[in-house]
Structure formats: structure tokens, C-alpha cells
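# Structural features, examined
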Amino acid sequence: MSTPDVVPVSLAEIARIAGVGRAAVSNWRRRHDSFPTRIGGTDVSPQFSLAEVEQWLRDNGKLRDVGGKELLWPRFELLGSRNESGLAVAEAARRMRSSRARISHAELSPQARELVAEAAKLGRAEGPRDTFEFLLQRWLETHVRQLSTTPPPLATLMTRIALTVRLGPQDGGLTVLDPACGTGHLAAAAAQEYDGPGLELLACERDPALAALASARLGFVADDRHVRTRIATADALREDPFTGAKADIALCNPPFNERDWGYEELATDQRWTHGLPPRTEPELAWVQHLLSHLRPGGVAVVVLPPAVASRKAGRRIRGSLLRTGALRAVVSLPPGSAQPHSVSLQLWVLRAAAEGPAAPPPSQDALLVDATGFARPGTREPSPDWDALGSFVLTALANLDHSDQEPLESAARVPLLDLLDDEVDVTPGRYTASASEPSSKELANKWSEFGSLLTDLADQAQHLSVLDVETGTQQTTTTVGDLVKAGALTLRAGQQPMEKTAPVSGTAVPFLTIADLLLDGAPSGLLAAQSAHTLAEEGDVVVAGVIRAFKAWVHEGAPMALGPQLYTLRVDSEKLDPHFLAGCLRAPANGRQAGTHASSSSRVDIRRLQVLQLPLEKQMVYADTFRRLRAFETLVARAERSGKGLVSDMSDRLAAGGLAT
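The rules behind these values
Residues numbered from 1 in each chain as written. Predicted model: local features only at pLDDT ≥ 70, side-chain atom pairs only at ≥ 80, totals over all residues. Heavy atoms only, no water. Salt bridge = Lys/Arg side-chain N within 4 Å of Asp/Glu carboxyl O. Helix = DSSP H or I, 4+ residues; strand = E, 2+ residues; numbered from the N terminus. Pairing = 2+ DSSP bridges. Axes fitted to C-alpha atoms, helices over the stretch in contact; angles between N-to-C directions. Contact = heavy atoms within 4.5 Å. Core = buried A, V, L, I, M, F, W, Y, C linked by side-chain atoms within 4.5 Å. Buried < 20%, exposed > 50% of the residue type's maximum accessible area, 1.4 Å probe, protein only. Expected span 1.5 Å × (residues − 1). Parallel < 35°, antiparallel > 145°, perpendicular 65-115°, else oblique. Left-handed = near helix turned anticlockwise from the far one by under 90°. pLDDT = per-residue confidence, 0-100. Phe/Tyr/Trp six-rings, centres within 6.5 Å; stacked < 30°, edge-to-face > 60°. Right-handed = clockwise from strand over helix to strand, strands pointing away.

## Some thoughts on the pattern of salt bridges
One pass over the structure, following the stated rule, counts 30 salt bridges. Across the pair Asp223 and Arg97 runs a salt bridge, and its minimum N-O distance is 2.7 Å. Of the two residues, Asp223 is situated in helix α10 (residues 208-225) and Arg97 in helix α5 (residues 82-97); the sequence distance between them amounts to 126 residues. Measuring nitrogen to oxygen at the nearest pair gives 2.9 Å for the salt bridge that ties Arg238 to Asp260. Residue Arg238 is located in the loop between β6 (228-233) and β7 (247-252), and its partner Asp260 is located in the loop between β7 and α11 (282-292); the two are separated by 22 residues in the primary sequence. One continuous salt-bridge network, built from bridges that share partners, spans Asp235, Arg238, Asp260 and Glu265.

What follows is the structure, encoded as C-alpha cells:
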């Protein structure tokens, strides 16, 4: 397909288009004189003409299996505005579904309208729904710091909970409501999970771009399932577009911590049957809004921050929700289940009182479930084990109305008399066994994991201990500065950006700082790739130039932006092995020797760091040993953490008289 010359693309975008890693694109650029010349950006983040890149990739046989979607997306990014690009994607979806559809957003620019027509044509050729989902996903990734979406696994779990817990007829059709739908993740999950007749989806979103994208997504759902959909663009708390409508299921991931939610103008609203939500408790306004739309026996499942379960300002409303039986369960999720990923969010399960002779008696308890232990082990970023988490939560809630059945471990059926105290705290961790001590099975698993760590540690120690490491040798060394002069590597220093947030448009990359290294080593923020001064790519050596955080390692994975006092060293692979270089650089004596002062906060002069002078063949041997030493270091740290945890767990159990004698 043809593309205008004015469309700029980064190295990361070129890698996506060609289906390769960014390092491969960098190699093409170095080795092929015919590679397109830079048209903008910086030396670290260059930009190229999309048309020239496309032609070069085709001429060199590197664009065989890539569809037109990858080539189309950079032009959506070029629109600049988040809203305009989002509306353009939504309009393209409408045109994909019907070539006779007219532009419904008059504010779109001529450039956007032309792009909509081209995207619609491509979608009809390559598959409308797949093309739309691709463009939507890229749009969400580009604006990840400005949006809060519900991950598909969480949306599926919430839907399954609601279908499991709701009362009343199960075969007379289903109405699902989401009053803060974003791009429609929850409504789409409901359509996927419900296989019965008569499905109606009611959704509302105050952001016009998000509402348009939700309408486009649910339009495809309606085509597939003959589902009735109504999507409104409005603030559901201030201007409820579905006044009087009743739903069997309500699913919601509302905005958190918003003070300007309508406290003054809604003070006398009839929805506040459990009390006027305080100005600082907008989440409890959403809870009561959902309840006001439920049919008898209907269920609402809502994502809430953990503070809502215990904040003093909301205790009166929490008490009313418990006394009336509206709040039936609270589930604490593992960190990483949804944004913000560092917080253990909660699911509140609410149900309207059922009617008729078969309705269960008023509840005298609430089920509190602590599922925070279902984080996926061995991952740097929080990531739930969704299969295990979903199975556990659904099993725990399956017997919600059977008070005679014992709940699972890490779940507690708490009498209302115990909950309705001065605090009315419904945080599951206060009442479940997992908050104080692990189960016998969990403790046995921890001992087994610790034993495996010791076995791996012994294997590495056995290999390292038999190495013939000589002392007092005088091997020739050189410095990083000399290697830079010789062209064996390039050195770049990280810088503090003007603003550590994702841009209005463009791809965001992780941003690493010295403070992150001192905390847990994981990047704490995101930065626009095109505004990053220094990017570490896969295979680069990253060095922290401060004594207190001094370390060096070979970067793996996606590109990462570096902050002040962090450096990236990119080696010439024909002269240096990156693992050999990193091993030489991270020697503690090396850092002390190159330090500018004696204090722990002193800087390290990277150019003065020493590197052994060895031929490439011998570097490989050293590199293998350095990798083993690094693995040994990692195992020692893991064993220490695991051992301390076992000591703590065993001490608590013994002090409580848990030893069988």
C-alpha cells in the first residue's frame, strides 16, 4: 500500500513492521548503505520515512508476511491528538462493517477522514474485526498512561462471578450494564461468556473517544451474536442515560479517587439509599448507582481500590450495605490484576434482594476472600496466575448462600455482628487465615521450593568452586574510554526527561532510574520513546554510575530509557562479548577504583573502568563463567528471602502452639 513520505517511524516501529527485534533493525542500518537516511528525531531515537522504509524492506525481502495494518498504524499516530486518533479508529470500524456508513464525528480533520476510508478498505480486505482489534490495541498501548482499562482475564472473571451468584430466572434473557465502560472490555466479556438468548448490553462512557471505540467494539459483538446494544456518551453519575432501566448483571471498573464527581449537585439524589457518599468516597457513589439499576436478585461486580473497604468516611454506608445484605462478598486480588498494578485491588460482589417464595432469607454474614497469594512466581512485574485465581475465586463464591458449608482456606464467612463494629472494615486480610499464617500445604510448598533453591545453589557452587582461579596475575587491561576511542563500543549517558509521563502520541518505553535500582530494580515509569535521550536495547551493557548502586548487566527484552547516572555501552560484536564486558565492569574493586570520592554517593567515572584485554575466543570462556557467577548471586538472594520467610512462618506457628507432640 502507498504511504506519504511525511509519515515518520522509529526503529521500534520498523521492527514491528518487519516482525523482528529492534537490534536486528539497528544491524541493518549499520551494515546496509542503502538503508533509508534519517529524516528526524535524535541520534539515539532517529526517525525515518515510512514510505522509504517500506520500499527498502520490500526490496530486501524483509516484508513477506506483514499485513497492511502495521504499515497503516503510524499514520494514525501522526494524527497527534489522542481523541482524534481514537475517533478515527472507531469511524474506520463503522466503515469496515458497512461501506455506506457516514462519518458521525464532524470534527475529524480531512487527513483523518482520508485515513478512515483507507483503513476501512484495508479492514474489509484483511478482516474487519481483526483489523479493528489491532488498531484498538495499538491505540491503547500508545496511551497506556492516560487510560485505565480492565484486562480481559479480569473482565472474564468478573462476568463469571456475576453469572454464578445472580438469582432469579436463568433462561429468560440477560441485561448487562456497565456505566463506566471505557472501550467496552467488560461488556465484550459478558457477551463472550453468556451463551443464552436475549442478551442486551447497556454501556455508558463520558469520554467521547472511549465511547466511540466501545460502540465500535460492541458493534462487532452485535453482528456476531445478534445482541442488542445501547451505548451512551454521558457522565453516568451526573446524567444517567438509563434512568429507570434494570439489569440482571452490572459490571464496572469506575474511575478512582475523583473528588469532582458531583457531590454538591447530587446531594438529594434518590440513588443514595444507603447514605450520601462523602466527597472523598466517589467509589461508594458508583456502588449505589449500580445497585439502583439491579433487578431483584441481580448482581453487581465492581473493581475498587482497597482503601474503600476501611476508610473511616465510608463506614456508615458499608454498614448499611452489610445490614441490608447488599454487600455479599469482597475479594482481594493479587497485585498486577489491573491498573494501578502495584496495588492489591478488590472485587465487591453486590446483590439486590430477591423476591418470591424461593428467595433466600436475609444474609447474616459476608464472604471475605483473600486471593492475593495467586501472583505468578518468578516474574519481575506483578502478574496473577489467572487460571488458578479464577478457579479459586469461583469455587469460593459457588456456595455463597450456603452458610452451613465451610469456606476454602484463605476465605472466611464472617458474621455481621463481627463486621458491624466501630470500623466496619471489610478487608479480607483481616479475617482470613492467609493474612496471619500460611496453610500446611502452602508451608510444605515453601519448604519444597527452598529445597530446590538449595539444590540449584549447590550445583552452581560445585561448578564455580573447582575453577582454577589464580591470584597475583598481572593481565593486561584497558579502559572503557580507550575502547570507545578504538571503536569497540559506543557509550551514551542517560538524562532526566522534562516530564516522566507517556506522550500525547507515540510509543512509551519503561524508564529506569538510580532510585529504581535501589528499590527493586524494576522501572517505575514510562517515557515517550522519541523523547528518550538514551535507550538501552537488547544486548547492550547497562552500567549504574553511582557507588551505592554500582552494577553492570546485559539488558534483555524491549528497549528501556535510562535516567541520570545510568549508561549504555553498545559493543561491536566482532571485538567484544557483552557478557564478558559486563562481568569485568561490575567487579566491586573496579567501581571503587573508578569512583570520584570515598562516600557511597560518589559517582563512578565510567571511562576509567578497567576491562581485560583478551581475544574474542577467550572472552567467550570468561563470559560463560561470569554468567554462572551472576546466576549464583541470584540464587543466593532468592534463598535468603525464602529462608527468612520460612523462619518467620515457622516462628509464628510454633509460638501459637502448633507443634504436634
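## Overview of the sheet that holds strand β21 (residues 566-571)
Taken in spatial order, the 4 strands make up an open sheet running β14-β21-β18-β19, and their pairing is antiparallel. Sheet topology places β14 (489-493) and β19 (551-554) at the edges, where each strand pairs with a single neighbour. Across the sheet, the mean angle separating the axes of adjacent strands is 20 degrees when strand polarity is ignored. Sheet analysis places strand β18 (residues 541-544) next to β21, joined by 4 bridges and oriented antiparallel. Across the sheet, the residue bridging to Val541 is Leu569, located in β21. Each of β14, β18, β19 and β21 touches helix α18 (residues 578-585); the most contacted strand, β19, lies at about 170 degrees to it.

## A few points about the nonpolar core
As a rule of thumb, nonpolar side chains are buried together in soluble globular proteins. Ranked by internal contacts, the top residues of the largest apolar core, which has 47 residues, are Ile161, Leu201, Leu251, Leu347, Val393 and Leu397. Counting residues per element, this core draws most heavily on helix α8 (residues 152-165), which supplies 7 residues. When residues no more than four places from it in sequence are discounted, the contact partners of Leu397 are Ile161, Val165, Ala329, Val349 and Leu367.

## Quick look at α8
Compared with the 20 Å implied by 1.5 Å per residue over 14 residues, the 20 Å span of α8 between its first and last C-alpha is a close match. If you check which residues of α8 are buried, you get Leu154, Ala155, Thr156, Leu157, Met158, Thr159, Ile161, Ala162 and Val165. Against α9 (185-193), β7, β8 (294-304), β10 (346-351) and α13 (386-398) lie the buried residues of α8.

## Here's the deal with the packing of α8 against α9
Contact geometry of α8 with α9 gives a least axis separation of 8 Å together with a crossing angle of 55 degrees. What the angle tells us is that α8 and α9 run oblique. Judged by the twist between their axes, the crossing of α8 over α9 is right-handed. Each of Pro152, Ala155, Thr156, Met158, Thr159, Arg160 and Leu163 in α8 lies in contact with α9, whose residues at this interface are His185, Leu186, Ala189, Ala190 and Glu193.

## Some points on the confidence of the model for the protein
Scored by pLDDT, the protein has a mean of 84; 90% of the residues are at 70 or more. Counting contacts from residues 1-5, a segment whose pLDDT is below 50, to residues more than four positions away or on other chains yields 19 contacts. Considering only residues more than four positions removed or in separate chains, one finds that residues 499-506, a stretch of pLDDT under 50, has 31 contacts.

## Comments concerning the packing of aromatic side chains
This structure, assessed with the given rule, holds 10 aromatic pairs. Arranged with centres 6.2 Å apart and planes meeting at 80 degrees, the rings of Trp261 and Trp272 form a pair that is edge-to-face. Remark: Trp272 occurs in the loop between β7 and α11 and Trp261 occurs in the loop between β7 and α11; sequence separation between them is 11 residues. The same class applies to Trp261 and to Trp272, which are both buried. Relative to Tyr622, the ring of Phe580 lies with its centre 6.2 Å away and its plane at 85 degrees, an arrangement referred to as edge-to-face. Of this pair, Phe580 sits in helix α18 while Tyr622 sits in helix α20 (residues 616-655), and the two are 42 residues apart along the sequence. Assessed through its relative accessible area of 0%, Phe580 is described here as buried. On the basis of relative accessibility, which here comes to 38%, the residue Tyr622 falls in the partly exposed class. Site record: aromatic cluster; members linked through ring pairs are Trp28, Phe35, Phe48 and Trp56.

## Examining the pairing of β18
Neither face of β18 is open: one carries Val541 and Val543, the other Val542 and Ala544, and all of them are buried. Across 4 bridges, β18 lies against β19 in antiparallel orientation. Residue pairing across strands places Val543 opposite Ala552, the latter belonging to β19. Between β18 and β19, which pair antiparallel and follow one another directly, the connecting turn spans 6 residues.

## Looking at the environment of Glu617
With respect to the helices and strands, Glu617 occurs in helix α20. The class for Glu617 is exposed, based on a relative accessible area of 60%. When the C-alpha atoms of Glu617 and Asp577 are compared, they prove to be 9.4 Å apart, with 40 residues separating the residues in sequence.

## Notes on the pairing of β6
Residues in a regular strand point their side chains to alternate faces of the sheet. Summarising the sheet, strand β5 (residues 199-205) and β6 pair through 6 bridges and their orientation is parallel. If you follow Ala203 over to β6, its bridge partner there is Ile231. Chirality of the crossover, the property in question, places the unit of β5, α10 and β6 among those that are right-handed.

## So, the sheet that holds strand β3 (residues 46-49)
Reading across from one edge, β1-β3-β2 is the order of the 3 strands in this open sheet, with antiparallel pairing throughout. Since the sheet does not close on itself, it has two edges, and those belong to β1 (8-10) and β2 (40-41), each with one partner. Examined bridge by bridge, β1 and β3 share 3 bridges and lie antiparallel to one another. Bridging from a neighbouring strand, Ser10 pairs with Gln47 of β3. Along the sheet, helix α3 (residues 50-59) makes contact with β1 and β3, crossing β3 at roughly 75 degrees.

## Some thoughts on the environment of Asp43
With respect to the helices and strands, the residue Asp43 is situated in the loop between β2 and β3. Exposure remark for Asp43: the relative accessible area of 59% places this residue in the exposed category.

## Some thoughts on unusual backbone geometry
In this structure, the amide linkage connecting Gln339 to the following residue, Pro340, adopts the cis form with an omega of -5 degrees. Along the chain, Pro340 turns up in the loop between β9 (327-332) and β10. In this structure, Asn257 takes a positive phi of about 55 degrees despite not being glycine. Mapped onto the secondary structure, Asn257 falls in the loop between β7 and α11. Relative accessible area serves as the criterion here: at 52%, Asn257 is assigned to the exposed category. With phi around 50 degrees, Val424 is a residue other than glycine that occupies positive phi space. Tracing the backbone through its elements, the reader meets Val424 in the loop between α14 (416-419) and α15 (440-465).

## What to know about the environment of Glu77
Note that Glu77 resides in helix α4 (residues 68-77). On a C-alpha basis, the gap between Glu77 and Val9 in space is 9.6 Å, while along the polypeptide they are 68 residues apart.

## Things to note about the side chain of His274
Summarising the element assignment, His274 is placed in the loop between β7 and α11. In contact with His274, other than residues within four places in its own chain, are Gln288, Leu291, Arg316, Ile317, Ser320, Leu321, Thr324 and Ala326.

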